[in-house]
Amino acid sequence: MSESVPSTEPSDLPDLVVVGSGFFGLTVAERCANDLGLKVLVLERRPHIGGNAYSEFDEETGIEVHKYGTHLFHTSNKRVWEYVNRFTEFTNYQHRVFAKYQGQVYSFPMNLGLINQFFGKSHTPDEARALIAEQASEIATEDATNLEEKAISLIGRPLYEAFVKGYTSKQWQTDPKELSADIITRLPVRYTFDNRYFNDTYEGLPVDGYTAWLERMAEHPNITVQLETDFFAVADDYKGKVPIVYTGPVDEYFDNSEGRLSWRTIDLEQETLDVDDYQGTGVVNANDADVPFTRVLEFKHLHPERKHLAGKTIVVHEYSRFAEEGDEPYYPINTAEDRAKLLKYRELAKDEPMVLFGGRLGTYKYLDMHMAIGAALSMYDNKIRPHFADGEPFKSGGVDA
């Protein structure tokens, strides 16, 4: 455990310390070890590698369980796609989501199939556009003062009340009338039958699972991963002595001196059921306001190419709530108050000697996996490599990277 880690002698110091072994941290570590030959120490407070992308195979059923919620890899960034393919092959999986409302299941995102099913009539694309435009005319977008009004101005009241209102209320634990209109910039409606969830050029799931992929990123002999280690318990051994890339919560790094940033978290209730197939797909959103969970995950559908134990499945009900102290932060709430605090933390970060802040927690931004990898590659290109390869000063900061 971290409390028993011995003090580090100067001769034992690595060239770089990375705090956190999620995709951002491991991308930085891998590039520094493979491209520059640096000795990299990765400190991880959890008992496993990989951050929230960590997965494990259930011994009984053989199903790969994403321990922190379903992770789907997709990107249109060719450089990121070529980079990740160094460590794993990908299946041809394309993610599709369904939405359950008042006992009926609809194809999601909102598309021509959903419109026809919901309104009980076949529409051509032009007819569907005209219908939604008429319903959305109830409120002018520029006059919207809250999330509810903004959503109605974009898609109309019937679709809002069925597919946005209840889900949003549960996701934010707040009446949409009390939420800011700027939370949503657009609500996409497809006037085709296309129900592919993502529009990216590349999409798939790692053939051998996420943990195998993550472990391959850290395989270089110059990379040492130290699990169950709280950075703050050993920080004095490294701060001011070697460059650090920190991917933990930025407010925690500065002892919450400017106040805690607000996050949402999720609770996951997992159960093994004695049925071969529970819901027929990987993700079904629960759109009714009186259903307490936000969605149901069934992991075996993410890898239909694999063989699993017949007659068994693993299902997870996902609940959303405000994160409290000690909870795992997932999504930045990003209120005006939070943004004001973040600006102060950015200034502190610039003055912190030899420390770069990155990743979802370090930048207080929601980053999909491909975005985290892309941001890490940019930090490596623009800040880390110039220091180690060309002798440029190690410029601290990066909270806004």
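From a predicted model like this one, the values you see are computed outputs, not experimental measurements. (Residues numbered from 1 in each chain as written. Predicted model: local features only at pLDDT ≥ 70, side-chain atom pairs only at ≥ 80, totals over all residues. Heavy atoms only, no water.)

Enquirer: Can you lay out the layout of surface pockets for me, pointing to particular residues and giving the numbers?
Expert: One way to see where empty space is left: roll a probe the size of a water molecule over the atoms. A volume near 200 Å³ is recorded for the second largest pocket. In terms of residues, the lining of the second largest pocket owes the most to one element, strand 12 (residues 283-286), which gives 3 residues. (1 Å grid on protein atoms, 1.4 Å probe; cavity = no way out; pocket = protein on both sides within 12 Å on 5 of 7 lines; lining within 4 Å. Points joined across faces, edges and corners; volume = space filled by probe spheres on them. Helix = DSSP H or I, 4+ residues; strand = E, 2+ residues; numbered from the N terminus.)

Enquirer: Hey, could you go over the domain arrangement of the protein for me, with residue numbers and the actual values?
Expert: For the protein, the domain assignment lists domain 1 (16-57 + 65-90 + 207-262 + 332-398) and domain 2 (110-183). When each unit is reduced to the centre of its C-alpha atoms, the spacing between domain 1 and domain 2 is 37 Å. (Domains from an automatic or database assignment.)

Enquirer: Describe the UniProt feature "domain: UDP-galactopyranose mutase C-terminal" (unreviewed entry) in the protein, and please don't skip the residues or the numbers.
Expert: As recorded in UniProt, the feature "domain: UDP-galactopyranose mutase C-terminal" (unreviewed entry) lies at residues 162-366. The distance from the first to the last C-alpha atom of residues 162-366 is 26 Å, and the span holds 23% helix and 21% strand. (UniProt positions renumbered as here; feature names shortened; annotations may be inferred.)

Enquirer: Which residues make up the nonpolar core, and what values go with them?
Expert: Note on soluble globular proteins: their nonpolar side chains tend to be buried together. Ranked by size, the top nonpolar core spans 103 residues in total, and within it Phe 73 and Trp 213 carry the most contacts. Per-domain counts for this core show at least three residues from each of domain 1 (16-57 + 65-90 + 207-262 + 332-398) and domain 2 (110-183). Membership of the second largest hydrophobic core comes to 5 residues, among which are Leu 273, Phe 293, Val 296 and Val 315. (Core = buried A, V, L, I, M, F, W, Y, C linked by side-chain atoms within 4.5 Å. Buried < 20%, exposed > 50% of the residue type's maximum accessible area, 1.4 Å probe, protein only.)

Enquirer: Summarise helix 6 (residues 157-172); cite the residues concerned and give the values.
Expert: The end-to-end C-alpha distance of helix 6, which contains 16 residues, comes to just 20 Å, noticeably less than the 22 Å that a straight helix rising 1.5 Å per residue would cover. The sharpest bend along helix 6 reaches about 40° and sits at Val 164. Listed in full, the buried residues belonging to helix 6 are Leu 159, Tyr 160, Ala 162, Phe 163, Val 164, Gly 166, Tyr 167, Thr 168, Lys 170, Gln 171 and Trp 172. (Expected span 1.5 Å × (residues − 1). Bend = angle between axes of the 7 residues up to and from the residue.)

Enquirer: Before we move on, could you go through the pairing of strand 6 (residues 97-101) and cite the residues and values that matter?
Expert: Where burial is concerned, the two faces of strand 6 differ: the one with Val 97, Ala 99 and Tyr 101 is buried and the one with Phe 98 and Lys 100 is not. The pairing of strand 6 with strand 7 (residues 104-108) spans 5 bridges and is antiparallel. Along strand 7, the bridge assignment pairs Tyr 101 with Gln 104. Hairpin connection from strand 6 to strand 7: 2 residues lie between these consecutive antiparallel strands, with Gln 102 at a positive phi of about 50°. (Pairing = 2+ DSSP bridges.)

Enquirer: Help me get a handle on the sheet that holds strand 9 (residues 223-226), residues and values and all.
Expert: Reading across the sheet, the 5 strands line up as 9-2-1-10-16 and stay open at both edges, with parallel pairing between neighbours. With partners counted over all chains shown, the strands left at the sheet margins are strand 9 and strand 16 (355-357), one partner each. Neighbour to neighbour, the strand axes of the sheet diverge by 20° on average, direction disregarded. Across 4 bridges, the pairing between strand 1 (residues 16-19) and strand 2 (residues 40-43) is parallel. By the bridge assignment for strand 2, Leu 16 is matched with Val 40. Against the sheet, helix 12 (residues 369-390) makes contact with strand 10 (244-246) and strand 16, and its axis sits at roughly 160° relative to strand 16, the strand it touches most. (Axes fitted to C-alpha atoms, helices over the stretch in contact; angles between N-to-C directions. Contact = heavy atoms within 4.5 Å.)

Enquirer: If you had to explain unusual backbone geometry to someone new, which residues and values would you point to?
Expert: Most peptide bonds take the trans configuration, and most residues that are not glycine carry a negative phi. Of note, the bond from Phe 108 into Pro 109 is cis; its omega dihedral lies within 30 degrees of zero at 5°. Along the chain, Pro 109 falls in the loop between strand 7 and helix 3 (112-119). Unlike most non-glycine residues, Gln 102 shows phi in positive territory, near 50°. Judged by relative accessible area, Gln 102 falls into the exposed class, the value being 61%. Of note in the backbone geometry, Tyr 364 takes a positive phi value of approximately 55° without being a glycine. Within the secondary structure, Tyr 364 is located in the loop between helix 11 (359-363) and helix 12. Under the relative-accessibility criterion, Tyr 364 is labelled buried at 2%.

Enquirer: Describe the packing of helix 3 against helix 6, naming the residues involved and giving the relevant values.
Expert: Put simply, helix 3 and helix 6 touch, their axes get as near as 12 Å, and they point 100° apart. Compared by their axis directions, helix 3 and helix 6 come out roughly perpendicular. Where helix 3 abuts helix 6, its residues Leu 114, Phe 118 and Phe 119 lie against Pro 158, Leu 159, Ala 162 and Phe 163. Looking at the contact of helix 3 with helix 6 residue by residue, the classes come out as 7 nonpolar, no polar and no charged. (Parallel < 35°, antiparallel > 145°, perpendicular 65-115°, else oblique. Nonpolar A, V, L, I, M, F, W, Y, C, P; charged D, E, K, R; others polar.)

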